[in-house]
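# A look at the structure
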Amino acid sequence: MSTPKPSYLNFDKKHYPWKPDIDYRLKPAEYRVGKGEQGVLICEPYKSEIGRYWRFKTEAIAEESSEKIFNLFEDYLKADDFVGADMARKYLQMGYTRARRYANYKGGKKYDKEDDYALMERGTGDREKAAAAEVFYKRWKQAEANVQYGSMKKQWKDERG
């Protein structure tokens with residue numbers, strides 16, 4: 001049985017639905033919800049608006065970061081801006097997944113590119129990142145449980161994908 005390889009090795013940029021040259025506030029119909037955190041590091045202007053607050057080095061930093069991002073999430077909802085709200089939700093999710101990666105693997109490195117992308121040893125990471133991950137997890141789930149967001153997301157996916 002072969003070990004799984006990271007998905008980014010076979011990344012198909014041409015067919016990736018999110019493009020860095022689109023202003024998704026001006027052209028929201030171009031936005032796709034996608035799976036998980038897809039598009040989070042591409043979709044402007046949201047990447048710049050939200051990404052500057054995204055930090056997870058310590059639990060305290062994660063608290064401040066996730067609160068700011070969650071406030072942006074609520075602001076986007078108030079403005080009836082689903083794309084912004086979904087992007088903020090993705091940053092909260094990514095705060096959790098990236099902090100967990102650093103909690104699980106030393107330096108956040110899951111694969112060893114020098115050894116045919118073999119999985120690195122799990123359990124070698126930074127304990128502080130586990131606490132940061134928990135902070136982001138709570139805010140991410142709070143965002144996903146928002147009734148207005150859920151309704152907007154369902155409508156968006158039904159109409160646009």
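These remarks concern the structure in this document. What you see is a predicted model; the values in this text were computed from it and never measured. (Residues numbered from 1 in each chain as written. Predicted model: local features only at pLDDT ≥ 70, side-chain atom pairs only at ≥ 80, totals over all residues. Heavy atoms only, no water.)

Moving on: the overall build of the chain. Tallying secondary structure elements over the chain gives five helices and two strands in all. What you see in the chain, going N to C, is helices and strands ordered as α-α-α-β-β-α-α. For 161 residues, the compact-globule formula gives about 15 Å, and the C-alpha radius of gyration of the chain, at 17 Å, lands near that figure. Counting only C-alpha atoms and orienting by the principal axes, one finds that the chain spans roughly 45 × 40 × 25 Å. In the chain, once contacts between residues fewer than 6 apart in sequence are set aside, the share between residues at least 24 apart is 63%. When the accessible surface of the chain is split by element, carbon and sulfur atoms take 49% of a total near 9800 Å². (Helix = DSSP H or I, 4+ residues; strand = E, 2+ residues; numbered from the N terminus. Rg over C-alpha atoms; globule rule 2.2 N^0.38 Å. Contact = heavy atoms within 4.5 Å. Areas by Shrake-Rupley, 256 points an atom, 1.4 Å probe, with all protein chains shown as cover.)

Now for the pattern of salt bridges. Enumeration over the complete set of coordinates arrives at nine salt bridges. For the salt bridge of aspartate 81 with arginine 25, the shortest nitrogen-to-oxygen distance reads 3.9 Å. On the criterion of sequence distance, the pair formed by aspartate 81 in the loop between helix 2 (59-78) and helix 3 (82-104) and arginine 25 in the segment before helix 1 (46-51) is long-range, its members being 56 residues apart. Aspartate 81 sits in the buried class, given a relative accessible area of 15%. Taking relative accessible area as the criterion, arginine 25 reaches 37% and is therefore assigned partly exposed. Through salt bridges with shared partners, a single network forms among Arg25, Glu49 and Asp81. (Salt bridge = Lys/Arg side-chain N within 4 Å of Asp/Glu carboxyl O. Buried < 20%, exposed > 50% of the residue type's maximum accessible area, 1.4 Å probe, protein only.)

Its location among the elements puts asparagine 104 in helix 3. Considering only alpha carbons, one finds asparagine 104 and glycine 125, 21 residues apart in sequence, at a separation of 4.7 Å. Excluding residues within four positions of it along the chain, asparagine 104 makes contact with Glu121, Arg122, Gly123, Thr124 and Gly125.

Now for the nonpolar core. By size, the foremost hydrophobic cluster in this structure holds 37 residues, and its most contacted members are Tyr24, Tyr31, Ile50, Ile69, Phe73, Met87 and Tyr91. The element contributing the most residues to this core is helix 3, with nine residues. (Core = buried A, V, L, I, M, F, W, Y, C linked by side-chain atoms within 4.5 Å.)

Leaving glycine out, the prevailing phi sign among residues is negative, and the prevailing peptide bond configuration is trans. A cis amide bond links glutamate 44 to the next residue, proline 45, at an omega of 5 degrees. Within the secondary structure layout, proline 45 lies in the segment before helix 1. In this structure, aspartate 80 takes a positive phi of about 60 degrees despite not being glycine. The topology assignment puts aspartate 80 in the loop between helix 2 and helix 3.

The next thing to look at is the layout of surface pockets. By rolling a water-sized probe across the atoms, one finds the places where empty space is left. In this model, the second largest pocket occupies a volume close to 190 Å³. If you trace the second largest pocket, you find 15 residues lining it, with Asp80, Asp81, Phe82, Met152 and Trp156 closest to the centre. Elements with a contribution of two residues or more to the lining of the second largest pocket: helix 3 and helix 5 (147-159). Per-element tally for the lining of the second largest pocket: the top contributor is helix 5, with five residues. Along the lines of polarity and charge, the residues of the lining of the second largest pocket split into eight nonpolar, two polar and five charged. (1 Å grid on protein atoms, 1.4 Å probe; cavity = no way out; pocket = protein on both sides within 12 Å on 5 of 7 lines; lining within 4 Å. Points joined across faces, edges and corners; volume = space filled by probe spheres on them. Nonpolar A, V, L, I, M, F, W, Y, C, P; charged D, E, K, R; others polar.)

All right, on to the side chain of aspartate 86 then. Turning to its location among the elements, aspartate 86 is positioned in helix 3. Residue aspartate 86 is classed as buried on the basis of its relative accessible area of 0%. There is a polar contact of 2.5 Å between the side chain of aspartate 86 and the side chain of tyrosine 31. At a separation of 2.4 Å, a polar atom in the side chain of aspartate 86 contacts the side chain of tyrosine 149. (Polar contact = N/O pair within 3.5 Å; in protein donor to acceptor, adjacent residues only side chain to side chain.)

Take it as geometry only, folks, not as evidence of what the structure does.
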